Amino acid sequence: MNILILGSGGRESAFAWKVAQSAHCDKLFIAPGNAGTTQYGTNVNIKVTDFEGIKALVLKEDINLVLVGPEEPLVKGVHDFFLADEQLKNIPVVGPQQEGAQLEGSKDFSKQFMERHNIPTAAYRTFTKDTLQDGLTYLATAGLPVVLKADGLAAGKGVLICLTLEEAQTELTAMLADAKFGEASSRVVVEQFLTGIELSVFVMTDGNSYKILPEAKDYKRIGEGDTGLNTGGMGSISPVPFADAAYMKKVEERVITPTIEGLKKDGIPYKGFIFIGLMNSNGEPWVIEYNCRMGDPETESVMRRIDSDFVDLLLGVAEGNLNEKEIIISPKTAATVVMVAGGYPGEYLKNKVITGTENVRDSIVFHAGTAIDGNDVITTGGRVLAITTVQDDMFSALQQATADASRIYYDGMYFRKDIGFDLL
Ligand code: AMP
Ligand code: GLY
């Protein structure tokens, strides 16, 4: 069968690498892809939100399955677009319809969902421009720090952790009265601050049954020791030692099962991934957020621990027989080190020639922000490459990924050398 992956980051590179190995896959297309995805399939220069362009490609190339990487096309309704189109309606899309994508697209929707289905999450209130005064009063009674979340998608920038009441009140006013994050902050969730260690849990569902994919830990800050500005993610590790069988049983019973059952009770169809961002507080899981897609750079580590045919699982999602499929997970450790552009996550350098990838010894170089320029591969994005290795133990995996990253060069390159070492 012919498969189309939508997206262009490290996540989509890892998907493409895995899908290309499947016995089910004849031709693979990636739209728009990057310099690295050309190793696994054919790039087509169409934006992930250009639904008409995607339709033309699907019909021209006789695509039989679409795997959606990022949240934006899902929240904008790419799956609904397929279902509403006579020519596309029988072509399965892995990724929820607009309503299910609201789990990520609206923080207020996801908080209400968790409340309704008794899923553990931080206490919250939602405010709008009209209730700003109530919000300011509420903040005075809420403990500190307090978390403010723009309701809608804000390119990963919509969450603020405020340490003082003054800061919280100033920011709430900026979000609601001055549209700090545009339409995304026309509603703001004010939430209790949770302490603990974060964990990314991934579930694949056909809307009825589910499979739990390998869990991972993501490292969000730019600096070593988890310091400095927030980024899209600087590295990941899987498995995560504290997420042992007893812990994952709690996660399944308290979070995963009620989430899948909650979607069913609410009549929300859902075929795709659910990424559950958890806070582990003294051994208890609390949901920080849902995403309607896989994580990046977690996917790079997760794909390398799935030993079964990934397309077979995607077909289970598409055809509603996921319960009949088998998922084989490697007991080994996968580690991913993300190499970023100089200046990232602020204004960053672009168009720098990448060299040395041929010297990498025992990792896969997943591309993210790269493009082909004549005979060169150049940097185009903030997150440039994701170096992923699989080894028998965590220490070797961390060491190998870091060593391999240091074999690559471009002007201004930077990566963290401490990914995962906090867990050893
Ligand atoms: P989100 O966009 O919801 O993932 O939030 C971004 C990041 O903010 C999370 O990954 C956490 O590190 C942090 N965060 C969000 N909500 C909370 C909370 N209630 N308590 C502590 N940290 C939080
Ligand atoms: N790694 C976090 C995310 O993909 O949102």
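From a predicted model like this one, the values you see are computed outputs, not experimental measurements.

1. Structural notes on the packing of helix α1 (residues 10-20) against helix α11 (residues 310-319)
Two numbers describe a pair of packed helices, the interaxial angle and the distance between the axes. The contact between α1 and α11 brings their axes to 8 Å, and the two run at 100°. By the angle class used here, α1 and α11 are roughly perpendicular. On the side of α1, the interface is formed by Phe 15, Lys 18 and Val 19, while α11 contributes Phe 310, Val 311 and Leu 314. Considering only residue class, the contact of α1 with α11 consists of 5 nonpolar, no polar and 1 charged.

2. Section: the sheet that holds strand β16 (residues 272-281)
The strand order across the open sheet formed by 4 strands is β11-β10-β16-β17, and the pairing between neighbours is antiparallel. Of all the strands in the sheet, the pair left with one neighbour each is β11 (210-212) and β17 (284-291). Looking at each pair of strands side by side, their axes are set apart by 30° on average, direction ignored. Bridge analysis of β16 against β17 gives 7 bridges, and the strand direction is antiparallel. Bridge assignment links Phe 275 to a residue of β17, and that residue is Asn 291.

3. Things to note about the nonpolar core
One finds Leu 4, Val 19, Val 66, Phe 82, Phe 273, Ile 276 and Phe 310 to be the most contacted residues of the largest nonpolar core, which totals 111 residues. The next biggest cluster of nonpolar side chains, apart from the first, holds 18 residues, and it includes Phe 127, Ala 154, Ala 168 and Val 188.

4. Brief notes about the site of ligand 1
The environment of ligand 1 is made up of 14 residues, and the closest members are Glu 191, Gln 192, Leu 194, Glu 198 and Glu 289. Within the backbone of Leu 194, an N or O atom sits 2.7 Å from a nitrogen atom of ligand 1. In the complex, the protein chains occlude 87% of the 470 Å² of accessible area that ligand 1 would expose alone. Mapped by element, the contributors of at least two residues to the shell around ligand 1 are β7 (146-150), β8 (159-162), β9 (187-192) and β17.

Definitions and limits used
- Residues numbered from 1 in each chain as written.
- Chains lettered and ligands numbered in written order.
- Predicted model: local features only at pLDDT ≥ 70, side-chain atom pairs only at ≥ 80, totals over all residues.
- Heavy atoms only, no water.
- Axes fitted to C-alpha atoms, helices over the stretch in contact; angles between N-to-C directions.
- Helix = DSSP H or I, 4+ residues; strand = E, 2+ residues; numbered from the N terminus.
- Parallel < 35°, antiparallel > 145°, perpendicular 65-115°, else oblique.
- Contact = heavy atoms within 4.5 Å.
- Nonpolar A, V, L, I, M, F, W, Y, C, P; charged D, E, K, R; others polar.
- Pairing = 2+ DSSP bridges.
- Core = buried A, V, L, I, M, F, W, Y, C linked by side-chain atoms within 4.5 Å.
- Buried < 20%, exposed > 50% of the residue type's maximum accessible area, 1.4 Å probe, protein only.
- Near = heavy atom within 4 Å.
- Polar contact = N/O pair within 3.5 Å; in protein donor to acceptor, adjacent residues only side chain to side chain.
- Areas by Shrake-Rupley, 256 points an atom, 1.4 Å probe, with all protein chains shown as cover.

Nothing here speaks to function; it is all geometry.
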